[in-house]
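Architecture at a glance
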Amino acid sequence: MVPLLVSVIGGYLLGSVPVAVLVARAYGFDPREVGDRNPGFWNVRERLGWRAAVPVFAGDMLKGTLAGALALLATATPPTWTGGVDAGAVPEVYLAVAAAMAGHAWPVFAGFSGGRSVLTFAGGFAVVCPPAFLLGVAALIAVALATRSFAIGARVGVFGLPLLQLLFAPVAQVAGTGLLMCLIGLRFGQAAKSARPS
């Protein structure tokens, strides 16, 4: 029970660190008040450009990675570099990543107004299934170069992860990844609903 609590609480607190808000404040604005009002990488990049937005990209991914790593540490489970999460740590790792995504979407340190959790999911997936994550990065780069669009490459890389995971991990873990991605869909749906005029 203690490893599970550490994983969930720690994951949520890590996810709640408002990286985009902190970076944007250094440039004199709040991303929740400009553009699409999403406090995440894309909105900051559109305001400031790639170079200034890199810390947001890295920070939002790192939140998911650290949450997954915390769960491995809490369960005393070594990382698996060739497949999925060791069976003894599956609940803790998946719940830690889910908690980090929830923290990013509804951060306690930023008035529960957060981003879409895509990068936090991707960072957590690096712990969930490292080889599939690396293939996803390769797909992102290849598609981005072929289409000259990082946005298209990112979509292919991220949303192709469950299919790539099937090559390395049990179907039950792939289903868990699908549930994590449902959190992204929930957050996008919530954002779209709040953007509609009343």
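Just above sits the structure.
What comes next concerns the included structure. All values reported here derive from a predicted model rather than from experimental measurement. (Residues numbered from 1 in each chain as written. Predicted model: local features only at pLDDT ≥ 70, side-chain atom pairs only at ≥ 80, totals over all residues. Heavy atoms only, no water.)

Notes on the overall build of the protein
Counting its secondary structure elements, the protein contains 10 helices and 0 strands. Going from N to C terminus, the protein has its helices and strands arranged as α-α-α-α-α-α-α-α-α-α. Against the compact-globule benchmark of 16 Å for 198 residues, the protein has a radius of gyration of 16 Å, which places it among compact chains. Taken along its principal axes, the extent of the C-alpha atoms in the protein is 45 × 45 × 35 Å. Relative to its full complement of 198 residues, the protein shows a buried share of 48%. By sequence separation, contacts in the protein at least 24 residues apart represent 68% of the contacts at least 6 residues apart. Approximately 9800 Å² of the protein is accessible, and the part contributed by carbon and sulfur atoms is 71%. Across the protein, the centroid of the 13 positively charged side chains sits 9 Å from that of the 7 negatively charged ones. (Helix = DSSP H or I, 4+ residues; strand = E, 2+ residues; numbered from the N terminus. Rg over C-alpha atoms; globule rule 2.2 N^0.38 Å. Buried < 20%, exposed > 50% of the residue type's maximum accessible area, 1.4 Å probe, protein only. Contact = heavy atoms within 4.5 Å. Areas by Shrake-Rupley, 256 points an atom, 1.4 Å probe, with all protein chains shown as cover. Lys, Arg positive; Asp, Glu negative; His and termini not counted. Charge placed at Lys NZ, Arg CZ, Asp CG, Glu CD.)

Focus on a nonpolar patch on the surface
A cluster of nonpolar side chains, Met1, Leu5, Ile9, Leu13, Val17, Leu22, Val108, Phe109 and Phe112, forms an exposed patch at the surface whose accessible area comes to about 880 Å². The element that contributes the greatest number of residues to the nonpolar patch is helix α1 (residues 2-15), accounting for 3 residues. The class for Leu22 is partly exposed, based on a relative accessible area of 48%. (Patch = residues over 30% accessible without salt bridge, like charges linked within 9 Å, V, L, I, M, F, W, Y side chains within 5 Å. Salt bridge = Lys/Arg side-chain N within 4 Å of Asp/Glu carboxyl O.)

Overview of the nonpolar core
Counting residues in each nonpolar core, the largest one holds 35 residues, and the members touching the most others are Val93, Phe121, Phe125, Val128 and Leu180. Of all the secondary structure elements, the ones that give two or more residues to this core are α2 (19-26), α3 (41-48), α4 (50-74), α5 (90-105), α6 (118-128), α7 (130-147) and α10 (171-195). Sequence-distant contacts of Phe121, defined by excluding residues within four places in its chain, comprise Met101, Val158, Leu161, Thr177, Leu180, Met181 and Ile184. (Core = buried A, V, L, I, M, F, W, Y, C linked by side-chain atoms within 4.5 Å.)

Topic: the packing of aromatic side chains
The final tally for this structure, using the stated rule, is 7 aromatic pairs. Ring centres of Phe41 and Phe57 lie 5.1 Å apart, and the angle between their planes is 75°; on these two criteria the pair is classed as edge-to-face. Residue Phe41 is found in helix α3, and its partner Phe57 is found in helix α4; the two are separated by 16 residues along the sequence. For the pair Trp42 and Phe150, a centre-to-centre distance of 5.7 Å together with 45° between the ring planes defines the contact as tilted. Taken as a pair, Trp42 in helix α3 and Phe150 in helix α8 (residues 150-159) lie far apart in primary sequence, 108 residues in all. Taken together, the aromatic side chains of Phe41, Trp42, Trp50, Phe57 and Phe150 make up a single cluster linked through ring pairs. (Phe/Tyr/Trp six-rings, centres within 6.5 Å; stacked < 30°, edge-to-face > 60°.)

Brief notes about the packing of α6 against α7
Between α6 and α7, whose axes approach to 6 Å, the crossing angle comes to 135°. Accordingly, the angle class assigned to the pair α6 and α7 is oblique. Contacts from Ala122, Phe125, Ala126, Val127 and Val128 of α6 reach α7 at Pro130, Ala132 and Phe133. Considered class by class, the residues forming the contact of α6 with α7 number 8 nonpolar, no polar and no charged. (Axes fitted to C-alpha atoms, helices over the stretch in contact; angles between N-to-C directions. Parallel < 35°, antiparallel > 145°, perpendicular 65-115°, else oblique. Nonpolar A, V, L, I, M, F, W, Y, C, P; charged D, E, K, R; others polar.)

A short note on α6
Of all 11 residues making up α6, 10 are buried, and the element is well covered by its neighbours. Leu119, Thr120, Phe121, Ala122, Gly123, Gly124, Phe125, Ala126, Val127 and Val128 are the residues of α6 that are buried.

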